[in-house]
Amino acid sequence: MDVKIEESWKNQLQEEFDQPYFETLTAFVKSEYATHTIYPPAKLIFNAFEQCPFEKVKVVILGQDPYHGPGQANGLCFSVNDGVDFPPSLRNIFKEVNADTGAPIPKTGNLERWAKQGVLLLNATLTVRAHEAGSHQKRGWEKFTDKAIHVVAERLENVVFILWGNYAISKSEFIDPQKHLILKSVHPSPLSASRGFFGNKQFSTANQYLIEHGKEPIVW
């Protein structure tokens, strides 16, 4: 199957596109876009890959589902479009960045600036129905995004994996801690942020690791 995805990722993931599960997933997603309001816009489904080519990946941040409100999701986890109010988790992320690194709270919640520096902002599920959180889970996206995490973990070295919440932390099972840095904490959601997200200093820790391994730090 010919999938429109950034070329370096296409080379890494081509075998997935030829699997029966991916054909079933594609048919489901096309049908959903034809009959419901689905986020993000179809052209941005693979935006995380588009903005951060495979060889440039230095940091991986994992989310679970795209935002399901109008105008929010842009294909990068935790990110919203310019001019959109910060969702609570994103507000907490910026608070921790500010406390940890001194970087000012930005005017926009669009995290494309992180992606272009080598941060793969990957949701486990890449599409969702409007106002129906989790509506596209267990349809095949998780198998595909797990494969993306696998190829980064297997074929690149000294990548920082930032895993927030139990779902993301479960992915650490197939990441070699001798080869990469794995940073774990509770999720930045208001329900859990005060139980270990605030004060985790993961942004400065990630940059220190990158510097130690001869890579440019991220301007958070």
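Above this text is the structure in question.
What you see is a predicted model, and the numbers here were worked out from it, not measured in a lab. (Residues numbered from 1 in each chain as written. Predicted model: local features only at pLDDT ≥ 70, side-chain atom pairs only at ≥ 80, totals over all residues. Heavy atoms only, no water.)

### Some points on unusual backbone geometry
Along the chain, Tyr39 connects to Pro40 via a cis peptide bond; the corresponding omega equals -5°. Along the chain, the position of Pro40 falls in the loop between strand E1 (38–39) and helix H3 (47–51). Backbone geometry places His131, a non-glycine residue, at a positive phi of 60°. With respect to the helices and strands, His131 occurs in the loop between strand E4 (128–129) and helix H6 (141–155). Here the phi dihedral of Lys201 falls at roughly 55°; this positive angle occurs in a residue that is not glycine. By secondary structure assignment, the location of Lys201 is in the loop between strand E6 (181–185) and helix H8 (202–212). (Helix = DSSP H or I, 4+ residues; strand = E, 2+ residues; numbered from the N terminus.)

### Here we look at the sheet that holds strand E2 (residues 59–63)
Strand order in the open sheet formed by 4 strands is E3-E2-E5-E6, with parallel pairing between adjacent strands. A strand with exactly one partner marks an edge of an open sheet, and here the two such strands are strand E3 (119–123) and E6. Each strand axis lies, on average, 20° off the axis of its neighbour in the sheet, ignoring direction. Strand direction decides the pairing type here: E2 and E3, joined by 5 bridges, are parallel. Residue pairing across strands places Gly63 opposite Asn123, the latter belonging to E3. Each of E2, E3 and strand E5 (160–164) is contacted by H6, which is oriented at about 155° to E3, the strand it contacts most. (Pairing = 2+ DSSP bridges. Axes fitted to C-alpha atoms, helices over the stretch in contact; angles between N-to-C directions. Contact = heavy atoms within 4.5 Å.)

### Brief notes about H6
Taking 1.5 Å as the rise per residue, H6 with 15 residues should run 21 Å; its terminal C-alpha atoms sit 21 Å apart, in good agreement. Along H6, 11 of the 15 residues are buried, which leaves the element largely enclosed by surrounding structure. Considered for burial, the residues of H6 that qualify are Trp141, Glu142, Phe144, Thr145, Asp146, Lys147, Ala148, Ile149, Val151, Val152 and Ala153. (Expected span 1.5 Å × (residues − 1). Buried < 20%, exposed > 50% of the residue type's maximum accessible area, 1.4 Å probe, protein only.)

### Examining the packing of aromatic side chains
Within this structure, the stated rule accounts for 21 aromatic pairs. Both rings, one in Trp9 and one in Phe54, keep their centres 5.2 Å apart while their planes meet at 85°; by these two values the pair is edge-to-face. Here Trp9, found in helix H1 (residues 7–17), pairs with Phe54, found in the loop between H3 and E2; they are 45 residues apart in sequence, far enough to count as distant. Aromatic side chains Phe86 and Phe94 sit 5.1 Å apart centroid to centroid with 65° between the ring planes, which places their arrangement in the edge-to-face category. (Phe/Tyr/Trp six-rings, centres within 6.5 Å; stacked < 30°, edge-to-face > 60°.)

### Side note on the nonpolar core
Trp9, Phe46, Phe49, Ile61, Trp114, Phe144 and Trp220 are the most contacted members of the largest nonpolar core, which has 70 residues in total. The dominant element in this core, judged by the number of residues it contributes, is H6, at 7 residues. In this structure Phe49 touches Ile5, Glu6, Trp9, Leu13, Leu120, Leu122, Leu126, Phe144 and Ala148, once residues within four positions along its chain are discounted. (Core = buried A, V, L, I, M, F, W, Y, C linked by side-chain atoms within 4.5 Å.)

### So, the packing of helix H4 (residues 88–101) against H8
Running from N to C, H4 and H8 cross one another at 60°; their axes reach a closest spacing of 8 Å. Taken together, the axes of H4 and H8 are oblique relative to one another. Here Ile93, Glu96, Val97, Asp100 and Thr101 of H4 come into contact with H8, specifically with Gln202, Phe203 and Ser204. Looking at the contact of H4 with H8 residue by residue, the classes come out as 3 nonpolar, 3 polar and 2 charged. (Parallel < 35°, antiparallel > 145°, perpendicular 65-115°, else oblique. Nonpolar A, V, L, I, M, F, W, Y, C, P; charged D, E, K, R; others polar.)

### Thoughts on the state of the cysteines
Scanning the model with the defined rule gives 0 disulfides in all. Just so you know, Cys52 is unpaired, no disulfide at all, and the nearest cysteine sulfur is the one on Cys77, 11 Å from it. On the basis of relative accessibility, which here comes to 1%, the residue Cys52 falls in the buried class. (Disulfide = S-S within 2.5 Å.)

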